[in-house]
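# Close look at the chain arrangement
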Amino acid sequence: MDRRTSLTSALIGLLASVLCWASSPATAAAAHPPKAVQSGAQDGDCRALAPGASDAAERAISTACRQVAAGVWYTWGGGHGARPGPTYGQVDPTDPASEHDPERLGFDCSGLVRYAYAEATGEDLLDGVASAQYYTHRAAGRFSAADGLAPLLPGDLLVWGTSQHLNHIAIYLGAGRMVEARQSGTKLTVSDVRLTGAYYGAVRIDPGPVTGQVFQTWGTGVWTKAAPSTRAARVYAFPGPTTIRVECQKHAELVTADGYTNDAWSYLPDYAAWVSNIYISGPAWLEGVPTCAF
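So, how was this worked out
Residues numbered from 1 in each chain as written. Predicted model: local features only at pLDDT ≥ 70, side-chain atom pairs only at ≥ 80, totals over all residues. Heavy atoms only, no water. Disulfide = S-S within 2.5 Å. Helix = DSSP H or I, 4+ residues; strand = E, 2+ residues; numbered from the N terminus. Buried < 20%, exposed > 50% of the residue type's maximum accessible area, 1.4 Å probe, protein only. Pairing = 2+ DSSP bridges. Polar contact = N/O pair within 3.5 Å; in protein donor to acceptor, adjacent residues only side chain to side chain. Axes fitted to C-alpha atoms, helices over the stretch in contact; angles between N-to-C directions. Contact = heavy atoms within 4.5 Å. Phe/Tyr/Trp six-rings, centres within 6.5 Å; stacked < 30°, edge-to-face > 60°.

### Thoughts on the state of the cysteines
- Tallied over the entire structure, the rule returns two disulfides.
- Each sulfur of the disulfide joining C46 and C65 lies 2.0 Å from the other. Between C46 and C65, the S-S dihedral sits near -80°, and the bridge is therefore left-handed. Separated by 19 residues along the polypeptide, C46 in the loop between α2 (25-31) and α3 (55-69) and C65 in helix α3 bring together distant segments of the chain. The same class applies to C46 as to C65, namely buried.
- Disulfide pairing places C248 opposite C292 at an S-S distance of 2.0 Å. Torsion about the S-S bond of the C248 and C292 cystine: about 95°, corresponding to right-handed handedness. In this pair, C248 is assigned in strand β14 (residues 248-257) and C292 in the segment after β16 (273-276), connecting sequence segments 44 residues apart. Pair check on accessibility: C248 and C292 agree, each one buried.

Here it is, written out as structure tokens:
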């Protein structure tokens with residue numbers, strides 16, 4: 001039985017996900033003084049500050065640092081046009097500091113990351129908001145907050161928030177420093193990494209050929225689960241059709257949804273989560289995908 005290969009891809013609410021720093025700067029700073037990693041690098045020293053970065057990561061850092069040197073503004077929703085690059089922003093109804101964003105050509109946090117890696121690789125690898133960028137199927141590795149900064153390399157992407165909603169992303173420079181588009185009313189900047197309670201972890205981008213079994217999901221607001229069951233904890237919801245890597249599949253809880261019934265679930269290594277095969281375009285049991293041994 002074939003699954004539908006496309007549905008109306010409603011994007012209602014997606015703009016809200018583009019938000020990179022929801023609370024106003026003054027309020028956030030007063031309520032949660034940032035715990036920053038101190039480094040020996042000078043303020044404004046925007047370059048790879050440690051060895052080990054890939055060529056693509058080095059180029060991504062150079063691209064982002066050129067924007068810093070040019071005095072480019074943070075602008076809410078900036079950098080999410082049809083092609084990577086700066087765009088005029090929008091007013092964030094929750095942040096009075098964004099009132100001038102429609103007049104400013106610039107980037108929000110994920111818009112800057114998108115542009116940096118597009119310039120570095122010649123491909124629009126990271127088109128999306130912070131959550132989509134972290135969960136990309138182009139990942140070479142992921143690191144939790146508990147891992148700290150020790151295993152990270154320049155060019156890795158740092159994220160803040162929760163598994164269900166990552167709301168900020170920045171590019172690691174090494175030596176406890178990062179380049180970021182932080183919030184309305186400020187320009188792109190180099191900062192000390194903030195290891196607050198909201199720091200979630202990091203992802204390393206692999207610009208090479210995609211490995212593993214790659215499929216497309218359909219539907220909107222489709223939740224991935226911590227186990228192959230509708231009763232399991234939610235991990236992340238796909239805002240719309242998404243490219244995913246599938247490691248394996250298994251028969252588990254029978255699910256009936258959107259006019260289909262299936263007991264097959266697939267494990268998605270980039271999310272460390274499961275999704276019903278109902279929402280993966282293709283046959284009910286995916287061809288060429290092995291059965292999970294766990």
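There's plenty left to go through after this.
### Here we look at the pairing of strand β15 (residues 260-268)
- Of all the nine residues making up β15, seven are buried; the element is thus mostly covered by neighbouring parts of the structure.
- The sheet contact formed by β14 and β15 spans seven bridges and is antiparallel. Residue pairing for β15: K250 is matched across the bridge by W265.
- Bridge count for β15 against β16 is four bridges, and the pairing is antiparallel. Paired with L268 across the strands is A273, a residue of β16.
- Hairpin connection, β15 to β16: the antiparallel pair is bridged by four residues, and A272 has positive phi, about 50°.

### Remarks on the sheet that holds strand β2 (residues 87-88)
- Here three strands make up an open sheet; going across it, the order is β1-β3-β2 and the pairing mixed. Looking at strand neighbours, the two that pair on one side only are β1 (73-74) and β2, the edges of this open sheet.
- Of the pairings in the sheet, the one linking β1 to strand β3 (residues 105-107) comprises two bridges and is parallel in character. Along β3, the bridge assignment pairs W73 with G106.

### Observations concerning the side chain of S184
- Here S184 is to be found in the loop between β7 (177-180) and β8 (189-192).
- For S184, the side chain forms a polar contact with the side chain of D101, separated by 2.6 Å.

### With respect to the sheet that holds β8
- What the six strands build is an open sheet, ordered β4-β9-β5-β6-β7-β8; its pairing is antiparallel. For this open sheet the edge positions go to β4 (139-144) and β8, each flanked by a neighbour on one side alone. Strand-to-strand, the axes of this sheet are offset by a mean angle of 35°, without reference to chain direction.
- Along the sheet face, α3 touches β6 (166-174), β7 and β8 and points at about 105° away from the line of β6.

### Considerations on the packing of aromatic side chains
- Evaluation of the coordinates by the stated rule reveals 14 aromatic pairs.
- The interplanar angle of 40° and the centroid separation of 4.7 Å between the aromatic rings of Y135 and Y236 together place this pair among those described as tilted. In this pair, Y135 is assigned in the loop between α5 (130-134) and β4 and Y236 in strand β12 (residues 234-238), connecting sequence segments 101 residues apart.
- Looking at Y135, the relative accessible area reads 3%, which means it is buried.
- By relative accessible area, Y236 is classed as buried at 6%.
- For the pair Y267 and F294, a centre-to-centre distance of 5.2 Å together with 90° between the ring planes defines the contact as edge-to-face. Taken together, the residues span a long stretch of sequence, with Y267 in strand β15 and F294 in the segment after β16 at a distance of 27 residues.
- Note on Y267: relative accessible area 16%, which makes it buried.

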